[in-house]
Amino acid sequence: MLLLSGCNWLQQDTRSDLEKIRESGVLRVGTLNNQLSYYIGNDGPTGLDYELAQRFAAKLGVKLEMQPMFTLAGLFPSLERKDVDIIAAGLTMTEDRLSGFRAAPAYYYASQIVVYKKGQWRPRDTEDLAKNKGSLVVVKGSSHEKSLDTLNVLYPQLQWEAIEETDSDELLRMVARGDLDYTIADSVDVALSQRIHPDIAVALELTEDEPIAWFLNKTTDDSLYALLIEFFGEMKQSGELGKLEEKYFGHVDSFDYVDTRAFLRAIEKKLPRWEPLFKKYSKELDWRLIAALSYQESHWNPRAVSPTGVRGMMMLTLPTAKSVGVKNRLDPEESIRGGVVYLRKMIARVPDSIEEHEKVWFALASYNVGFGHMMDARRLTKKQGGNPDAWSDVKQRLPLLRQRKYYKQTRYGYARGDEALNYVENIRRYYQSIIGYEQAHNTTPNQDKEEGIAVIDSLRTITPPLQQDGSKQTKLEGEKIDTSLAKPTKLVSK
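Residues numbered from 1 in each chain as written. Predicted model: local features only at pLDDT ≥ 70, side-chain atom pairs only at ≥ 80, totals over all residues. Heavy atoms only, no water.

(A) Up close: the side chain of Gln194. Note on placement: Gln194 falls in the loop between helix H9 (187–193) and strand S12 (200–205). At 3.0 Å, the side chain of Gln194 and the backbone oxygen of Ile200 are in polar contact. (Helix = DSSP H or I, 4+ residues; strand = E, 2+ residues; numbered from the N terminus. Polar contact = N/O pair within 3.5 Å; in protein donor to acceptor, adjacent residues only side chain to side chain.)

So, in structure tokens, the structure goes:
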């Protein structure tokens, strides 16, 4: 008996959750496969939750293993089974979730929005929604379903359907197509979806802003939870969290229905003709960004001419064209090549203190208003206590370059900074629309039978295969995606 007791004691695992993760060398993160949290982009995995998870894995000193799901239903069961260490999927802190799981600090806030198709009948309030007999569908187990359960007490006639094998993005697409009358989605998801489906319209805001957070299991061990609190505190204090939010949804504050419709028609009818040239000359830049820049300049019209003398697909001035070796600005291939060369030069001039993923926005501002004025906006930002290396701060100061009170403090004086701001933000919106359009029309065959990829309880697990040196890398659709250690608003909820 003593011998057996001793064996049991030896087998007991006294390690903390944090120690187990560090000793395994891998942080397993459950997420949702969508346009905000995690998806496979042009250069591999991307998304707000993915980038945050990368930074947290770096803080832990381990590699990151993303386990993206197609639906909400399997997320929390996978956490309970300990198949994942954390859920990072932009989920709302609901009472039900907090009763069974522990939430990390909120990293942004969002409200729940009822949407309908533009041109159809719009419910103005909850009573209208309850009286209407149109189809209302939400994701089963979502915070949206919980909100409807609560409202049903006050409005017994309110009817809806909750579906498990779907997600908010698909329901939004169904509303846009007219296959569904209404759904409820997070405000940020609605704003992003409108870039691809402009017929989606806001009917009413169902809730106030609600906190969005990561989740982990409730245990007596606080080691992982304590580190998450520290991590999000550092991210907020350093401004890194703000930069990531600016990157993923800082461009969706405004929506122009007519412009978006026109752009989507151009993607279908005009872009296929010019796409090979954008891909040919973009090189290290994303071709979709170059396409978005060209649309902002000329609406993909190779013979576009402005009263000020700029012309062609990239609307080059005569001096700029000469500086990049363009002889005929109305030749679309020459114009695109020259525009990319000029943009690359602008990016090279942007100070290295600015993070790589934001350099292009500063470069585009320079492309429009001039490098000197862009630097004036940075200096003004610093003078006012902002961060001159953060686009989210500098873009607030660009419009001030029109006002004498401010431009008299600058080196280069008056500039139409508000136009430069609109120019950059338009390009960002067009860029996002092209990405979203590609995702919505993706016909790539199912790759789940590839090495390292398996589907378990609707969980698409991507396990990096071992290299010869014993380290891990992700293999997805024939590409090797590095998941090694990485250097490190309000929105109008799931």
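We are not done yet, so read on.
(B) Inspection of the pattern of salt bridges at higher detail. Within the structure shown, the criterion is met by 29 salt bridges. Here Arg55 makes a salt bridge to Glu51, at a shortest N to O gap of 3.3 Å. On the criterion of helical spacing, the pair formed by Arg55 and Glu51 is a turn pair, its members being four residues apart in helix H3 (residues 48–60). Relative accessible area serves as the criterion here: at 9%, Glu51 is assigned to the buried category. Note that Asp418 and Arg402 form a salt bridge whose closest N and O atoms lie 2.7 Å from each other. Residue Asp418 is located in helix H21 (residues 417–440), and its partner Arg402 is located in the loop between helix H19 (391–397) and helix H20 (404–407); the two are separated by 16 residues in the primary sequence. With a relative accessible area of 25%, Asp418 lands in the partly exposed category. In this structure Arg402 comes out as partly exposed when scored by relative accessible area, which is 33%. Connected through shared salt-bridge partners, Glu51, Arg55, Glu240, Lys243 and Glu355 make up one network. (Salt bridge = Lys/Arg side-chain N within 4 Å of Asp/Glu carboxyl O. Buried < 20%, exposed > 50% of the residue type's maximum accessible area, 1.4 Å probe, protein only.)

(C) Highlighting the sheet that holds S12. Pairing is mixed in the open sheet, where five strands are placed in the order S10-S9-S11-S8-S12. The outermost strands of the open sheet, each flanked by one partner alone, are strand S10 (161–163) and S12. For this sheet the average axis-to-axis angle between neighbouring strands, irrespective of direction, equals 35°. Alignment of strand S8 (residues 112–117) against S12, held across five bridges, turns out to be antiparallel. When the sheet's bridge partners are listed, Ile113 is paired in S12 with Glu205. Along the sheet face, helix H7 (residues 143–154) touches S8, strand S9 (136–139), S10 and strand S11 (182–186) and points at about 130° away from the line of S9. (Pairing = 2+ DSSP bridges. Axes fitted to C-alpha atoms, helices over the stretch in contact; angles between N-to-C directions. Contact = heavy atoms within 4.5 Å.)

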